[in-house]
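Examination of the molecular architecture
Below are the chains, spelled out letter by letter.
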Protein chains: 2
Amino acid sequence: MPKYLLRLAFVGSRYAGWQYQPDQATVEAELKQVLAKLYPEGGVTIQGASRTDAGVHALDLCAAVTVPETPPIPPNGLQHAITNMLPASVTLHSLEVVPAEFNVHGNRGKAYCYLLNRGKFSPFLHPYTWHQPELNHWDAMEEAGKAFVGEHDFLAFTVGFERQNRENSVRTIYSLSFQDWGDIVGITICGNGFLYRMVRRIVGFLVAVGNGRLSPVMARELLLHGPKQSIQFNTAPSRGLFLVRTFFEEDPERFQITTPPFMADLNLELG
Amino acid sequence: MPKYLLRLAFVGSRYAGWQYQPDQATVEAELKQVLAKLYPEGGVTIQGASRTDAGVHALDLCAAVTVPETPPIPPNGLQHAITNMLPASVTLHSLEVVPAEFNVHGNRGKAYCYLLNRGKFSPFLHPYTWHQPELNHWDAMEEAGKAFVGEHDFLAFTVGFERQNRENSVRTIYSLSFQDWGDIVGITICGNGFLYRMVRRIVGFLVAVGNGRLSPVMARELLLHGPKQSIQFNTAPSRGLFLVRTFFEEDPERFQITTPPFMADLNLELG
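Quick notes on the packing of aromatic side chains
If you walk through the whole model with that rule in mind, you get 30 aromatic pairs over all chains. With 5.8 Å between their ring centres and 85 degrees between their planes, A:Phe124 and B:Tyr128 make a pair best called edge-to-face. Of this pair, A:Phe124 sits in the loop between β5 (109-117) and β6 (130-131) while B:Tyr128 sits in the loop between β5 (109-117) and β6 (130-131), each in a different chain. Of the two residues, A:Phe124 and B:Tyr128, both sit in the buried class. Three or more aromatic residues joined by ring pairs make a cluster, and in this case those are A:Phe148, A:Phe154, A:Phe157, A:Phe205 and A:Phe233. The residue whose ring lies beneath A:Arg118 is A:Trp138, and the NZ or CZ to ring-centre distance is 4.9 Å.

Spelled out as structure tokens, the structure:
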């Protein structure tokens, strides 16, 4: 059975995340529907590398797809057909033949970018940003950001962990960097894996520091001792979050982002 | 009765245009609902300067609003209350006291900007652009654009004109200019008034020229002799169109646009 690695981009606001759920609009359901038309006899399997929360956007959601031998569709033709049949809010960037033993969960890590708007509120960029016009403690935010890099227990930066029945909440963050595009600011986090809502919780914490409500030293406090009643902060809304890269061969430590992810792949020249 | 000029921006994709229609989501309906809460005794009137088609965006939709004397709300308080009560897809830019005789239809003209994406398809900019990756006849497009400037009969560039029972289809276009932002291209048209779908029809024509399907000389042909069976072109989709300015005091001939309208009011610095 041919196996492919698909890399997709999608506007998350229209979906309850990537992962298939009955009676919900999900990106996996869109892909499933397209593949069911191309292979009406069935026999398709899809495995996503990430779930993504409802409303989160993606530039590089990776999925391993196996398809039956018949009808025989060459990779180029398959890529073309899927691209044309997906709705405008989902794009297939690439489709690559992979060996049968390829495991999409064997990725080396992921990069997420979160966009804040510290300028005027924009209804046009509202779907892609969190409006934070009073990020006046920028140095403190950068200071706090450093605390997250490395191997830590991120229990204070997830929700519903017990319900998920996970083994442990230790993850490694390779890098956390800030991008200054003027009114739009990016926070990019590369790591080997992420707990449920982890990026949005970290961004929520950083914004509380940027607003002067929390001190940067509280980051280490939370990472060392877990959640604390005395240190409260909001989880950042899903609409500012983009899954920007899933790493297989590339080195996550060398990842850099150059334009706000809603402009990715476009060559835009502003005055 | 106090009278105000309101200038609003909105994401058109969520609305069936500005103008109130029963059982439809419209921007006027949103404003009406907010004002009904602020003035529960009624007595509010709203008059918009433009209708805008379903799906068209606006940076500067002007509306004249009269409100009753009671409850007494100072202009600042009113602006603040409306801003906070409108949904995220609509923003109130300004609220200005105007004399009772002010007529919102007495504007000197309007500027529309249409965005084309000649780069890679982007699901993130799809709501704001028309993807046209093969605009290879750029000089011909610019040449064709010149034909529209001045006073002309735009019957070939509207639809359903007879149904609208209008007096005449003559309008004046003050300027038609092209903006090159790299992959994103703008076509900005200032005029004293616009027929139903006129900007989208002109853009559809220009794109047919840019794609090499029509010759630029056909613009003059259509403006002189009206619609022709032999010269067919698509109306551009509404999602690329932005009403960018309504002119009262300013000079429409001096209007210039510097950033793609979905980035208006934001200060964005890209590498």
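Following the structure, the description resumes.
What to know about the environment of A:Ala9
Looking at the element boundaries, A:Ala9 is found in strand β1 (residues 3-10). Exposure remark for A:Ala9: the relative accessible area of 1% places this residue in the buried category. Taking the C-alpha atoms as reference, A:Ala9 lies 19 Å from A:Val199; in sequence the two are 190 residues apart. Look past the residues within four positions of A:Ala9 in its chain and what remains in contact with it is A:Ala58, A:Leu59, A:Ser89, A:Val90, A:Thr91, A:His93 and B:Pro123.

What to know about the environment of B:Asp53
All names here are of chain B. Within the element layout of this structure, Asp53 appears in the loop between β2 (45-48) and β3 (57-66). Along the backbone, Asp53 and Tyr15 are 38 residues apart, and their C-alpha atoms lie at a distance of 8.9 Å. For Asp53, the contacting residues outside a window of four places in its chain are Gly17, Tyr196, Arg197 and Arg200. Reaching out from Asp53, the side chain makes a polar contact with the side chain of Arg197 at a distance of 3.4 Å.

Remarks on the domain arrangement of chain A
Residue and element names in this part refer to chain A. Along its sequence, chain A is carved into domain 1 (3-105) and domain 2 (107-262). With centres defined by C-alpha atoms, the gap from domain 1 to domain 2 works out at 27 Å. In this assembly, 20 residues from domain 1 lie in contact with 18 residues from domain 2. Approximately 1,400 Å² of surface area, both sides summed, lies buried where domain 1 meets domain 2, with 53% of it carried by carbon and sulfur atoms. Among the residues of domain 1 in contact with domain 2, Asp53, His57 and Leu59 are the three that bury the most area, contributing 37% of the side total. Seen at the junction of domain 1 and domain 2, the total is 2 salt bridges. We note a salt bridge from Asp53 to Arg197, for which the minimum N-O separation is 3.4 Å. The tally of links from domain 1 across to domain 2 stands at 14 residue pairs in polar contact (both at pLDDT 80 or more). Contributions of two or more residues to the side of domain 1 that touches domain 2 are made by β1 and β3 (57-66). Residue contributions to the side of domain 1 that touches domain 2 peak at 6 residues, all from β3. Taken together, the residues of the side of domain 1 that touches domain 2 break down into 11 nonpolar, 6 polar and 3 charged.

Section: the side chain of A:Arg201
Residues and elements named next belong to chain A. Following the sequence through the fold, Arg201 ends up in helix α5 (residues 198-210). It turns out Arg201 is buried and unbridged, and the closest side chain with the opposite charge, Asp53, is 10 Å from it. Apart from the residues lying within four places of it in its own chain, the contact partners of Arg201 are Ala156, Phe157, Thr158, Val159, Phe233 and Thr235.

Some points on the packing of helix α3 (residues 138-147) of chain B against helix α5 (residues 198-210) of chain B
Residues and elements named next belong to chain B. Running from N to C, α3 and α5 cross one another at 145 degrees; their axes reach a closest spacing of 8 Å. With respect to the hand of their crossing, α3 and α5 are arranged in right-handed fashion. Within the contact between the two elements, α3 uses Ala140, Met141, Ala144 and Gly145 and α5 uses Phe205, Leu206, Val207, Val209 and Gly210. Split into classes, the residues belonging to the contact of α3 with α5 amount to 7 nonpolar, 2 polar and no charged.

What counts and how
Residues numbered from 1 in each chain as written. Chains lettered and ligands numbered in written order. Predicted model: local features only at pLDDT ≥ 70, side-chain atom pairs only at ≥ 80, totals over all residues. Heavy atoms only, no water. Phe/Tyr/Trp six-rings, centres within 6.5 Å; stacked < 30°, edge-to-face > 60°. Helix = DSSP H or I, 4+ residues; strand = E, 2+ residues; numbered from the N terminus. Buried < 20%, exposed > 50% of the residue type's maximum accessible area, 1.4 Å probe, protein only. Lys NZ or Arg CZ within 6 Å of the ring centre and 35° of its normal. Contact = heavy atoms within 4.5 Å. Polar contact = N/O pair within 3.5 Å; in protein donor to acceptor, adjacent residues only side chain to side chain. Domains from an automatic or database assignment. Buried area = accessible area lost by both parts, 1.4 Å probe. Salt bridge = Lys/Arg side-chain N within 4 Å of Asp/Glu carboxyl O. Nonpolar A, V, L, I, M, F, W, Y, C, P; charged D, E, K, R; others polar. Lys, Arg positive; Asp, Glu negative; His and termini not counted. Axes fitted to C-alpha atoms, helices over the stretch in contact; angles between N-to-C directions. Left-handed = near helix turned anticlockwise from the far one by under 90°.

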